[in-house]
Amino acid sequence: MAKRGKLEIIRDILGIVQNSNSIKPTPLLRQSNISSSRFKEYFSEMIDKKFIKSVRGNRDEKLIVLTEKGNKFLEKYKTIVNFIEEFEL
Amino acid sequence: MPYHNIGRGVGRMMQEVLIGTLSMEILYSFVIIVCSLMIYFGTKELYELSGHKGLKYFRMTFLFFAVAYFFRSFIKIVIVYLGKQEIALVAPILFGKLPIFLFMYFSIMAIFYLLYSVLYKKLKHDRIHLFHLASALIAAIIIFMGGNLVLILLINILLLIFIVYVVYLSYNQSKKKKTLNLYMIYFLLSVFWILNILDILIPNVLQGFQLLIYLASSGIFLMILYKVVKKTGAN
């Protein structure tokens, strides 16, 4: 399997959050298929960029949900990748 | 026919030619500045979402082009067409060397950023500050060496050789060989840009080809804008 690029990993993580509506950090790490150190790096980047946010669930547990900007990223992912490929950036 | 009538006729004709070239200059600058800003703002969302470095350098290229063309039209319209002497007497630095320096700096930066957008992945460290330094240095040398045409030509030929080398290298290392057309666009953009620089630094040298250069340059910018709009789906 080819090594995933940064944008692809972010797309995959956001896709997992989108499919589950809300997810705890540990299952998200497990499903994202990357090392925990890299996950931490991507996770804080996605928080900084406001793609995801953490909220409190019914039992006061920490849950990760997708923001509007995160949704936008998923919508535009193909366009971004096509553009980067087209102009060899 | 009395001599003063002939003189008046020639004067009117000269005025019409001046208005014609001035309109052409304004239209040309308008097309390039609008195209560049449309590319810059059209890719804003993609960059904000991805934070991709290549996208940043690509966008900055066109922002620099817009600024450079602004100073180019300022030099051409205000200084060349509306009488250099009178304006230069009022504020020689503000209306003389400063706009030429800024035009040179931003135009060389635009070309360097374009090259850097396809090169940066091959470099281990971020070297963009070196390009800022090189642009400022080249612009300063050209300003201080003022009327030395040989030096101006030499610097531009060296710049062109550097651009051709980088474009050729990037094309050879490109994974998808079908992108010759992109590299050809970049190459032509650089060639016509250098012709634009020569047009400013050595007035009248390209007079016979001015319209052709303007049409070709506008065509290249419109082609890139078309590619950007097609890929971003921007309206």
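All residue numbers refer to positions counted from 1 along the written sequence of the respective chain. Whichever chain is written first becomes A and whichever ligand is written first becomes 1, with later ones labelled in order. pLDDT decides what is reported in this predicted model: residues at 70 or higher carry local features, side-chain atom pairs at 80 or more are listed and counted, and totals for whole chains, interfaces and linings draw on all residues regardless.

(A) Here's a closer look at unusual backbone geometry. The backbone phi angle of Asn33(A) is positive, close to 65°, even though this residue is not glycine. Residue Asn33(A) is classed as partly exposed on the basis of its 13 C-beta neighbours within 10 Å. In this scheme every C-beta is placed from the backbone, and a residue whose C-beta has 20 or more other C-beta atoms within 10 Å is buried, one with 12 or fewer is exposed, and one in between is partly exposed.

(B) Region of the structure containing the sheet that holds strand β3 (residues 62-66) of chain A. Residue and element names in this part refer to chain A. One bridge is not enough; two strands pair if DSSP finds at least two bridges between them. Under the scheme used here, helices are H or I runs from DSSP no shorter than 4 residues and strands are E runs no shorter than 2 residues, and both carry numbers assigned from the N terminus. Pairing is antiparallel across the open sheet formed by 3 strands, whose spatial order is β1-β3-β2. Here the strands that pair on one side only, and so sit at the sheet edges, are β1 (22-23) and β2 (52-56). When β2 meets β3, the two strands line up antiparallel, connected through 5 bridges. If you follow Ser54 over to β3, its bridge partner there is Ile64. Lying on the sheet, helix α1 (residues 6-20) is in contact with β1, β2 and β3; it crosses β3 at an angle near 105°. The contact rule is simple: place each C-beta atom from the backbone, and if two of them lie within 7 Å, those residues are in contact. Interaxial angle, 0 to 180 degrees, is taken between N-to-C directions of lines fitted to C-alpha atoms, where a helix line uses only the stretch in contact.

(C) Up close: the packing of α1(A) against helix α4 (residues 68-86) of chain A. Residue and element names in this part refer to chain A. Here α1 crosses α4 at 145°, and the two axes come no closer than 10 Å. The element α1 and its partner α4 pack so that their crossing is left-handed. Here Leu7, Arg11, Leu14, Gly15 and Gln18 of α1 come into contact with α4, specifically with Gly70, Phe73, Leu74, Tyr77, Ile80 and Val81. Broken down by class, the residue content of the contact of α1 with α4 amounts to 7 nonpolar, 3 polar and 1 charged. Should the near helix be turned anticlockwise from the far one by less than a right angle, the crossing is left-handed, and should it be turned clockwise, the crossing is right-handed. In this classification, the charged set is Asp, Glu, Lys and Arg, the nonpolar set is Ala, Val, Leu, Ile, Met, Phe, Trp, Tyr, Cys and Pro, and all remaining amino acids, among them Gly, are polar.

(D) A look at the interface of chain B and chain A. Contact with chain B, which involves 16 residues of that partner, is made by 13 residues of chain A. Grouping the constituent residues of the side of chain B that touches chain A by class yields 6 nonpolar, 8 polar and 2 charged.

(E) View of helix α3 (residues 36-48) of chain A. Here α3(A) is 13 residues long and its end C-alpha atoms lie 18 Å apart, about the 18 Å a rise of 1.5 Å per residue gives. Two residues or fewer past α3(A), Lys50(A) is found with a positive phi of approximately 60°. To estimate how far a helix should reach, multiply one less than its number of residues by 1.5 Å.

(F) Fine view of the nonpolar core. Throughout this description, the term nonpolar core refers to a group of buried Ala, Val, Leu, Ile, Met, Phe, Trp, Tyr and Cys residues whose C-beta atoms join them within 7 Å. Within the largest apolar cluster, 66 residues are counted, with the highest numbers of intra-cluster contacts made by Ala110(B) and Tyr113(B). Broken down by element, the residue count for this core peaks at 15 residues, all from helix α5 (residues 92-119) of chain B.

(G) Geometry of the confidence of the model for chain B. Residue and element names in this part refer to chain B. By definition, pLDDT measures how confident the predictor is in each residue, and it falls between 0 and 100. Overall, the predicted model of chain B reaches an average pLDDT of 81, with 86% of residues at or above 70. When pLDDT is averaged over each helix and strand of chain B, the minimum, 61, is found for helix α4 (residues 84-90) and the maximum, 94, for helix α2 (residues 44-50). Here the predicted complex scores 0.85 on pTM and 0.87 on ipTM.

(H) Quick look at the pairing of β3(A). Residues and elements named next belong to chain A. Here β1 pairs with β3 via 2 bridges, running antiparallel. Its bridge partner lying in β3, Ile23 is registered against Ile64. Hairpin connection from β2 to β3: 5 residues lie between these consecutive antiparallel strands, with Asp60 at a positive phi of about 60°.

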